[in-house]
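# Reading the structure
If you want the building blocks of each chain, they are given just below.
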Amino acid sequence: MDNENQETKITITLPTSAYFVSGIRDFTLNMVKNTTNFEERWAYRFQSVIDELCNNAIEYGSSKDSEIKVTFIFKTDDYLKIIVEDTGTGKNKITAADLQKLFDERHTPGYVFTGIRGRGLVKIVGEWSDELKFEDRPEGGLKISIKKYLKDARKKDAGISQPNPQSITLNV
Amino acid sequence: MTEVKISIEDLQSANPDKKLKVVHIVGQLDESNVDEKIQEIYKSLEANPQNLNLIFDLENLEYMNSKSIGYLTDIYGKVTETGGKVVIAKARPNIADILQVVGLTQLVSLYDSIDSAKTALAS
């Protein structure tokens, strides 16, 4: 089919409530299983990645009466990209640079997680993505993007590790 | 709130000095329910402060988030500090996968059945 090589983009806007995140998890699981060629285990992994990103955006990034935006972009045999954006109206105003610093501190070998929280971004999102990017949105808030390539070889071919002064990119 | 049910069952312990309990978790543990539902396990810990062996039966656990794993890690610490042990039985592949990536499997062993978990705790 010709459209297998086309990029598909799906955007969903959610109210700022953990109640709605289970629906996004179900959507992610079925979408990855049915429309991409990732192995089934990756459908479950992306389910966890989206859950962790949405929970962080809801808890810290967007206020109670606000919203978060989730975008999936994929090419069937190539990659899946997930973007989660908050409005910056939440209880924890943090810049992309500060979040990157926090991530880097916790992403070092031997770092010990002592509390109940804090493992999701580093141990789940970080480990299960090929690229992780933190950006400040011009209108306020954070935009966090992850990209996972279907075949690891594509990562090298794509030349992802080129420095980009306009954004902060971490190849993991 | 996502559906999850936690029930705690007393089992006969092979070691008379230890109590043995199985924590059955059915459904999905996520941000909408974990803070409330996990308290059932903490209450059991408070009622049995010493020498408690715990088996987490995860056969019917469909999903768990990072905070749930944080709580399991905390429970592991409390149980082992007071002379007990914690193991996990019958975790589904997606659950075993997330436990592994977060690093909990370095602390807590996974078993295919309740019986094999009981045997491991008895040793």
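Residues numbered from 1 in each chain as written. Chains lettered and ligands numbered in written order. Predicted model: local features only at pLDDT ≥ 70, side-chain atom pairs only at ≥ 80, totals over all residues. Heavy atoms only, no water.

## Some details on the side chain of Lys-37 of chain B
Residues and elements named next belong to chain B. Spelled out, the test is: By definition, any uninterrupted DSSP run of H or I lasting at least four residues is a helix, any uninterrupted run of E lasting at least two residues is a strand, and each is numbered from the N terminus. Exposure categories follow from relative accessible area, calculated using a 1.4 Å probe and restricted to protein chains: below 20% of the type maximum is buried, above 50% is exposed, and the middle band is partly exposed. His residues and chain termini do not enter the charge count, which takes Lys and Arg as positive and Asp and Glu as negative. One side-chain nitrogen of Lys or Arg within 4 Å of one carboxyl oxygen of Asp or Glu is enough to make a salt bridge. Every residue pair with non-hydrogen atoms within 4.5 Å of one another is taken to be in contact.
Of note, Lys-37 is situated in helix α1 (residues 34–37). We note that Lys-37 is buried and unpaired, the nearest opposite charge coming from Glu-36 at a distance of 4.5 Å. Not counting the four nearest positions on each side in its chain, Lys-37 is found in contact with Val-4 and Ile-6.

## Topic: the confidence of the model for chain A
Definition in use: The pLDDT value expresses, per residue, how confident the predictor is, ranging between 0 and 100.
Confidence along chain A averages 85 in pLDDT terms, with 85% of residues attaining 70 or more. Contacts of residues 153–172 of chain A to residues separated by more than four positions or lying in other chains number 33 contacts, the stretch itself having pLDDT below 50.

## Some words on the environment of Leu-20 of chain B
Residues and elements named next belong to chain B. Position of Leu-20 relative to the elements: it lies in strand β2 (residues 19–29). What makes Leu-20 buried here is its relative accessible area of 7%. When neighbours within four sequence positions are excluded, Leu-20 is seen to be in contact with Glu-9, Asp-10, Leu-11, Gln-12, Ser-13, Asn-53, Ile-55, Lys-118 and Leu-121.

## Topic: the packing of aromatic side chains
Threshold: Ring pairs are drawn from Phe, Tyr and Trp, using the six-membered ring of Trp, whenever the two centres fall within 6.5 Å, and their geometry is named by plane angle: stacked under 30 degrees, edge-to-face over 60, tilted for the rest.
Counting across every chain of the model gives 9 aromatic pairs over all chains. Each ring, one from Phe-27 of chain A and one from Phe-72 of chain A, has its centre 5.4 Å from the other, and the planes form 55 degrees; the classification is tilted. Residue Phe-27 of chain A is located in helix α1 (residues 21–35), and its partner Phe-72 of chain A is located in strand β2 (residues 67–75); the two are separated by 45 residues in the primary sequence. Among the residues examined, Phe-27 of chain A registers a relative accessible area of 29% and is labelled partly exposed. Relative accessible area serves as the criterion here: at 0%, Phe-72 of chain A is assigned to the buried category. Their ring planes at 70 degrees and their centres at 6.1 Å tell us that Tyr-42 of chain B and Tyr-71 of chain B sit as a pair that is edge-to-face. Highlighted residues: Tyr-42 of chain B in helix α2 (residues 39–47) and Tyr-71 of chain B in helix α3 (residues 66–81), separated in sequence by 29 residues.

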